[in-house]
Amino acid sequence: MISLIKTIIKNVRIVNKGLEDLKDLQDLQDLKDFKDFQDLQDLEEKLDLKEKLDLKEKLDLKEKLDLKDQGVLWLMDHCTIRLEILSQCLR
């Protein structure tokens, strides 16, 4: 009878140890899932920043092109006025 109780106690300890190991594995998996989630959030933030930078670069380029277009239009107007003055002087 005593050996049966010792065997039961030994088996209970083995089962408890197995449950502790299983809990440790679950905790590790939870940590891994949390880290994966954080990595995903970090990646999303980096992509958002990259999209914002790309958009800012496009807007900056558009502004530069708009300024260049305005400069070309001003130059064309200026040259047209000069040509008109020259043509009037030549008459």
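The rules behind the values
- Going along each chain's sequence as written, the residues are numbered from 1 onward.
- Only residues with pLDDT of 70 or above have their local features reported here, since the model is predicted, and side-chain atom pairs are shown and tallied only from 80 upward, although totals for entire chains, interfaces and linings are computed over all residues.
- With hydrogens and water set aside, each side-chain value is computed from the structure's full complement of heavy atoms.
- Going along the chain from the N terminus, every DSSP run of H or I of four or more residues is numbered as a helix, and every run of E of two or more is numbered as a strand.
- What the globule rule says is 2.2 Å times the number of residues to the power 0.38, and the radius of gyration is computed from C-alpha atoms.
- Reported accessibility uses the Shrake-Rupley method at a 1.4 Å probe radius. Residues are deemed covered only where the shown protein chains occlude them.
- Within this scheme the basic residues Lys and Arg register as positive and the acidic residues Asp and Glu register as negative, but His and the chain ends are omitted.
- Here the site of a charge means NZ on Lys, CZ on Arg, CG on Asp, or CD on Glu.
- Residues enter a patch when their relative accessible area is above 30% and they make no salt bridge; the linking distance is 9 Å between like charges and 5 Å between nonpolar side chains (Val, Leu, Ile, Met, Phe, Trp, Tyr).
- Any Lys or Arg side-chain nitrogen located within 4 Å of an Asp or Glu carboxyl oxygen qualifies as a salt bridge.
- With a 1.4 Å probe rolled over the protein chains alone, any residue whose accessible area is under 20% of its type maximum counts as buried; one over 50% counts as exposed, and the rest are partly exposed.

J.: Before we move on, can you summarise the overall build of the protein chain with the specific residues and values?
T.: Of regular secondary structure, the protein chain possesses 1 helix and 0 strands. Over its C-alpha trace the protein chain gives a radius of gyration of 39 Å, far above what one expects of a compact globule, namely 12 Å for 91 residues. C-alpha atoms of the protein chain, sized along the principal axes, occupy 135 × 5 × 5 Å. When the accessible surface of the protein chain is split by element, carbon and sulfur atoms take 65% of a total near 9,100 Å². One way to put it: in the protein chain the 17 positive side-chain charges average out to a point 4 Å from where the 21 negative ones average out.

J.: Mind laying out a nonpolar patch on the surface, listing which residues take part and the relevant values?
T.: A surface patch of nonpolar side chains, amounting to about 600 Å² of accessible area, comprises Met1, Leu4, Ile5, Ile8, Ile9 and Val12. Here Ile8 lies in helix H1 (residues 2-90). On the basis of relative accessible area, Ile8 is assigned to the partly exposed category, the value being 46%.

J.: Residues and numbers for the pattern of salt bridges, please.
T.: On inspection of all chains with the given rule, the structure shows 7 salt bridges. Its salt-bridge partner being Lys62, residue Asp66 comes within 3.1 Å of it at the nearest N-O pair. Placement of both Asp66 and Lys62 in helix H1 is noted, with a separation of 4 residues, approximately one turn of the helix.

J.: Would you mind going over the environment of Asp66 in detail, with residue names and values included?
T.: Since its relative accessible area comes to 32%, Asp66 is described here as partly exposed. Here the alpha-carbon distance between Asp66 and Gln88, two residues 22 residues apart in the chain, equals 33 Å.

J.: If you had to explain a negative patch on the surface to someone new, which residues and values would you point to?
T.: A surface patch of like charges, here negative, comprises Asp42, Glu44, Glu45, Asp48 and Glu51. Relative to the helices and strands, Asp48 is located in helix H1. Overall, the relative accessible area of 41% leaves Asp48 in the partly exposed class.

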